[in-house]
Amino acid sequence: MIDKGNRWLWPALGSIAVLVISPLVTSLTGQVNAYALVLLPLALLMWAVTRLSSRDLGLRLGNLNAYVLSLLYPIAVMVLTGIVVWLTSDMQANNIQLSDVGRRVLYLFLIYFIGALLTEEVFFRGWLWGALEKRGFKLGAKLVWTGSVFSLWHLAVTIILPELRFSKTILPIYLGNIFLIGLCFGLLRQKSGSILAPSVCHGLW
């Protein structure tokens, strides 16, 4: 039975913690990479405190059909973007070596898949999603909550790192885009029951 009085407590504390600790550690250390790296120990700490199971955290293979979507979504966006760029600009593609591009994409995908899995996905679609689900939150609430915190977490990094600051006109577009991406990753988490599927999508993205 879920204690309705405390159902908000741990998801709220975890959300506040991630929005405070990531910028604080980055500011104190001066290390840009620390911003994402603190997510793994924070997720593990919250996992231990809230006593979620590994299944609650999404540490399983899950529904394999979701992996097809996790690949198709970023590939479709990349293809459409390439077509738009090709049609609207003087893009020269004569010297592109597809085999070299393929190797680089695979190399970067593997790095970012592992990086996303062990940082952003393990916290946002892992612990936070699992904590909300365990406390009886419906799909819409889980999507909006995790997507909003995911977006605000990306806002904080633009505040503390001058090189990542956006103009007032671009910032809402940037945050809206992050929120929508967070919704897509959340839907993949829901469909697959795993953090691996959104990590695949995140890494390829």
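Residue numbering note: each chain is counted from 1, following its sequence as written. Whole-chain, interface and lining totals are the exception, using all residues; otherwise, since this is a predicted model, local features are given only for residues with pLDDT of at least 70 and side-chain atom pairs are given and counted only at 80 or more. By convention in this description, side-chain values take in all heavy atoms of the structure and omit both hydrogens and water.

Draft legend 1. Main features of the overall build of the protein. Helix and strand labels come from DSSP, where a helix needs a run of H or I of at least four residues and a strand needs a run of E of at least two; each type is numbered from the N terminus. In terms of regular secondary structure, the protein is built from eight helices and zero strands. The helix and strand sequence of the protein, counted from the amino end, reads α-α-α-α-α-α-α-α. Each radius of gyration reported is based on C-alpha atoms, and the globular scaling rule is 2.2 Å times the count of residues to the power 0.38. Relative to a compact globule of 205 residues, whose C-alpha radius of gyration would be 17 Å, the protein shows 18 Å and is just as compact. For the protein, the C-alpha atoms occupy an extent of roughly 60 × 40 × 30 Å along the three principal directions. When accessible area is computed with a 1.4 Å probe and restricted to protein chains, residues below 20% of their type maximum are described as buried, those above 50% as exposed, and intermediate ones as partly exposed. Out of the 205 residues belonging to the protein, those deemed buried represent 39%. Restricting the contact set of the protein to residue pairs at least 6 apart, pairs at least 24 apart contribute 77%. Computed with the Shrake-Rupley method and a 1.4 Å probe, the accessible areas treat only the protein chains shown as cover for residues. As presented, the protein carries roughly 11800 Å² of accessible surface, and 70% of it is formed by carbon and sulfur atoms. By definition in these notes, contact holds between two residues if any of their heavy atoms fall within 4.5 Å.

Draft legend 2. Inspection of helix 7 (residues 170–192) at higher detail. Here a helix's expected span is defined as the number of its residues, less one, multiplied by 1.5 Å. Taking 1.5 Å of rise per residue, the 23 residues of helix 7 would be expected to cover 33 Å, and the 33 Å separating its terminal C-alpha atoms lies within 8% of that figure. Once helix 7 finishes, glycine 193 follows within two positions and takes phi at roughly 75°, a positive value.

Draft legend 3. Quick peek at the pattern of salt bridges. The working definition used for a salt bridge is a side-chain nitrogen of Lys or Arg within 4 Å of a carboxyl oxygen of Asp or Glu. A complete count under the given rule lists three salt bridges for this structure. Its salt-bridge partner being glutamate 121, residue arginine 125 comes within 2.8 Å of it at the nearest N-O pair. With arginine 125 and glutamate 121 both in helix 5 (residues 98–134) and four residues apart, the pair spans about one turn of that helix. Residue arginine 125 shares its accessibility class with glutamate 121, and that shared class is buried. Across the pair glutamate 133 and lysine 142 runs a salt bridge whose closest N-O atoms are separated by 2.8 Å. Its relative accessible area of 3% is what places lysine 142 among the buried residues.

Draft legend 4. Molecular detail of the environment of tryptophan 8. You can see tryptophan 8 is positioned in the segment before helix 1 (9–29). Linking tryptophan 8 and leucine 64, residues 56 residues apart in sequence, is a C-alpha distance of 31 Å.

Draft legend 5. Here's a closer look at the nonpolar core. Of all hydrophobic cores here, the largest spans 40 residues; its most connected members are Val18, Phe123, Phe124, Trp127 and Leu128. Mapped by element, the contributors of at least two residues to this core are helix 1, helix 3 (39–50), helix 4 (65–88), helix 5, helix 6 (139–160), helix 7 and helix 8 (196–204). Top element by residues in this core is helix 5. It accounts for 10 residues. Not counting residues within four places of it along the chain, the set of residues in contact with valine 18 comprises Pro23, Leu39, Leu42, Phe123, Phe124, Val149 and Trp153. Only buried Ala, Val, Leu, Ile, Met, Phe, Trp, Tyr and Cys residues count toward a nonpolar core, and they belong to the same one when joined by side-chain atoms within 4.5 Å.

Draft legend 6. Geometry of helix 1. Across its 21 residues, helix 1 extends 29 Å between first and last C-alpha, which sits within 8% of the 30 Å expected from 1.5 Å per residue. Considered for burial, the residues of helix 1 that qualify are Pro11, Gly14, Ser15, Ala17, Val18, Ser22, Pro23 and Thr26. In the stretch just after helix 1, glycine 30 is the one whose phi turns positive, near 75°.

Draft legend 7. A look at the packing of aromatic side chains. When two rings of Phe, Tyr or Trp (its six-membered ring) have centres within 6.5 Å they constitute a pair, described as stacked for plane angles under 30 degrees, edge-to-face for angles over 60, and tilted for the intermediate range. Applying the stated criterion across every chain, the model contains 12 aromatic pairs. Geometrically, the ring pair formed by phenylalanine 150 and phenylalanine 185 is edge-to-face, given 6.3 Å between the ring centres and 65° between the ring planes. Of this pair, phenylalanine 150 sits in helix 6 while phenylalanine 185 sits in helix 7; the two residues are 35 residues apart in sequence, bridging distant segments of the chain. Phenylalanine 150 gets classed as buried once you look at its relative accessible area, which sits at 2%. Among the aromatic residues, ring-to-ring pairing joins Tyr35, Phe123, Phe124, Trp127, Phe150, Trp153 and Phe185 into one connected group. A cation over a ring is seen here: arginine 7 above phenylalanine 137, with NZ or CZ 4.1 Å from the ring centre. In this analysis the charged atom, NZ for Lys or CZ for Arg, is taken to sit over a ring once it is within 6 Å of the ring centre and within 35 degrees of the ring normal.

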